[in-house]
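Summary of the model geometry
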Amino acid sequence: MKILRRMMTRSRVRKAAELLHGDPSARNYVNLAREYVVLGLADDVQRVCKEGLALHPEDLELTRLAARARQLLIEERIHTLQEELETSPRTAPFRELCQLLLGAGYLDRAEAVSEEWFERASDAEALLWQARVLAQRFYTDRRAIDGREAFDRALQAQADMPDDIRPLLLQEEIAERSGAWEEARRCLARLLELMPGAPDLEATGILTEIEPIDFPSPFGTLEA
């Protein structure tokens, strides 16, 4: 029965494609994309929606189907990476998994993966991803405790990766968003040491135009 159903669906795909070829309307793009949804072919759904949206950028149904296809592809990749990590806990799949989870807004899952990563490999980059998760919570909820913890994790990561600019960039971002200008100035000064002559850093006003501000802590202006 499954084989017969799949054959019938593929037949409908061919018919939908023929209709689209004769009339590239938004409705025909939607119909073809839906047939691919039935087959579970997220790549094809995304491809059809992308082509359709190039012609009909304001179509809501195409936009919805494209977003759903992207989500399905992300979920498929997350599942693949989780399976890979069960047998081979390496930095690259851990990094990609944390990036996908954080980008999709799955903060709890991203935090759990970054903690597992550190427990299994004691990798300093895992601390950086923990800091990124906490920083995102801080930006969303404005809780000082999350900002302080994110900043501290980034400091720990920097201690283990002294020549890596990523922990410093995160520290500077957290400090600037919380109004802790002295911390932001310190981070930018260190970044200039690591990247002398970087135009983006030299152009910022934090190093030259803002007077020192004495905060009791980097996040003393936020509510706990």
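Some points on the overall build of the protein
- In terms of helices and strands, the protein carries 11 helices and zero strands.
- Ordering the α and β elements of the protein from the N terminus gives α-α-α-α-α-α-α-α-α-α-α.
- Counting the 224 residues in the protein, one finds 37% classified as buried.
- When the accessible surface of the protein is summed, it comes to about 12900 Å², and 52% of that surface belongs to carbon and sulfur atoms.

Overview of the packing of aromatic side chains
- Taken as a whole, this structure holds two aromatic pairs when the rule is applied.
- Arranged with centres 5.4 Å apart and planes meeting at 5°, the rings of Phe94 and Trp117 form a pair that is stacked. Residue Phe94 is located in helix α5 (residues 91-103), and its partner Trp117 is located in helix α6 (residues 107-121); the two are separated by 23 residues in the primary sequence.
- By relative accessible area, Phe94 is classed as buried at 1%.
- On the basis of relative accessibility, which here comes to 0%, the residue Trp117 falls in the buried class.

Brief notes about the nonpolar core
- In this structure, Ala135, Tyr139, Leu170 and Ile174 are the most contacted members of the largest nonpolar core, which totals 18 residues.
- Setting aside its immediate chain neighbours within four residues, Tyr139 contacts Leu170, Glu173, Ile174 and Arg177.

Comments concerning the pattern of salt bridges
- The tally for this structure, following the rule as stated, stands at 17 salt bridges.
- We note a salt bridge from Glu35 to Arg12, for which the minimum N-O separation is 3.2 Å. Residue Glu35 is found in helix α2 (residues 26-39), and its partner Arg12 is found in helix α1 (residues 2-22); the two are separated by 23 residues along the sequence.
- Glu35 sits in the buried class, given a relative accessible area of 16%.
- Between Arg95 and Glu125 there is a salt bridge; the shortest N-O distance is 2.6 Å. Here Arg95, found in helix α5, pairs with Glu125, found in helix α7 (residues 124-141); they are 30 residues apart in sequence, far enough to count as distant.

As for the confidence of the model for the protein
- Of all residues in the protein, 83% have pLDDT values of 70 or greater, and the mean over the chain is 85.
- Counting interchain partners and residues more than four positions distant, the pLDDT-below-50 stretch residues 205-218 has 24 contacts.

Examining the packing of helix α9 (residues 165-178) against helix α10 (residues 181-194)
- Viewed as axis vectors pointing N to C, α9 and α10 meet at an angle of 155°, and their least axial separation amounts to 8 Å. Classified by the interaxial angle, the pair formed by α9 and α10 is roughly antiparallel. Judged by the sense of rotation from one axis to the other, the crossing of α9 with α10 is left-handed. Residues Ile165, Leu168, Leu169, Gln171, Glu172, Ala175 and Glu176 of α9 form the contact with α10, whose participating residues are Trp181, Glu183, Ala184, Arg186, Cys187, Leu188, Arg190, Leu191 and Leu194.
- The residue inventory of the contact of α9 with α10, partitioned by class, reads 10 nonpolar, one polar and five charged.

Regarding helix α3 (residues 42-55)
- Between its first and last C-alpha atoms α3 spans 20 Å; for 14 residues at 1.5 Å apiece the expected length is 20 Å, and the two agree.
- For α3, every residue scored as buried is listed here: Ala42, Val45, Val48, Cys49 and Gly52. What you see down the axis of α3 is that its buried residues fit within an arc of 125°, all on one side. Summarising the geometry of α3, the exposed residues directed more than 90 degrees from the buried face are Asp43, Lys50 and Ala54.
- Packing partners of the buried residues in α3 comprise α2 and α4 (60-87).

Looking at the packing of α7 against α9
- At a minimum axis distance of 11 Å, the contact between α7 and α9 shows a crossing angle of 15°. Taken together, α7 and α9 sit at an angle that is classed as roughly parallel. Two packed elements cross with a definite hand, and for α7 against α9 that hand is left-handed. From α7, Glu125, Leu128, Ala131, Arg132, Ala135, Phe138 and Tyr139 reach across to α9, where they touch Arg166, Pro167, Leu170, Glu173, Ile174, Arg177 and Ser178.

Section: helix α8 (residues 144-160)
- Look at α8: 25 Å from first C-alpha to last across 17 residues, which is about the 24 Å you get at 1.5 Å a residue.
- Buried residues of α8: Ala144, Asp146, Gly147, Ala150, Phe151, Arg153, Ala154, Ala157 and Gln158, and no others.
- Those residues of α8 that are buried are in contact with α7, α9 and α10.

Quick notes on the rules
Residues numbered from 1 in each chain as written. Predicted model: local features only at pLDDT ≥ 70, side-chain atom pairs only at ≥ 80, totals over all residues. Heavy atoms only, no water. Helix = DSSP H or I, 4+ residues; strand = E, 2+ residues; numbered from the N terminus. Buried < 20%, exposed > 50% of the residue type's maximum accessible area, 1.4 Å probe, protein only. Areas by Shrake-Rupley, 256 points an atom, 1.4 Å probe, with all protein chains shown as cover. Phe/Tyr/Trp six-rings, centres within 6.5 Å; stacked < 30°, edge-to-face > 60°. Core = buried A, V, L, I, M, F, W, Y, C linked by side-chain atoms within 4.5 Å. Contact = heavy atoms within 4.5 Å. Salt bridge = Lys/Arg side-chain N within 4 Å of Asp/Glu carboxyl O. pLDDT = per-residue confidence, 0-100. Axes fitted to C-alpha atoms, helices over the stretch in contact; angles between N-to-C directions. Parallel < 35°, antiparallel > 145°, perpendicular 65-115°, else oblique. Left-handed = near helix turned anticlockwise from the far one by under 90°. Nonpolar A, V, L, I, M, F, W, Y, C, P; charged D, E, K, R; others polar. Expected span 1.5 Å × (residues − 1). Arc of directions from axis to C-beta.

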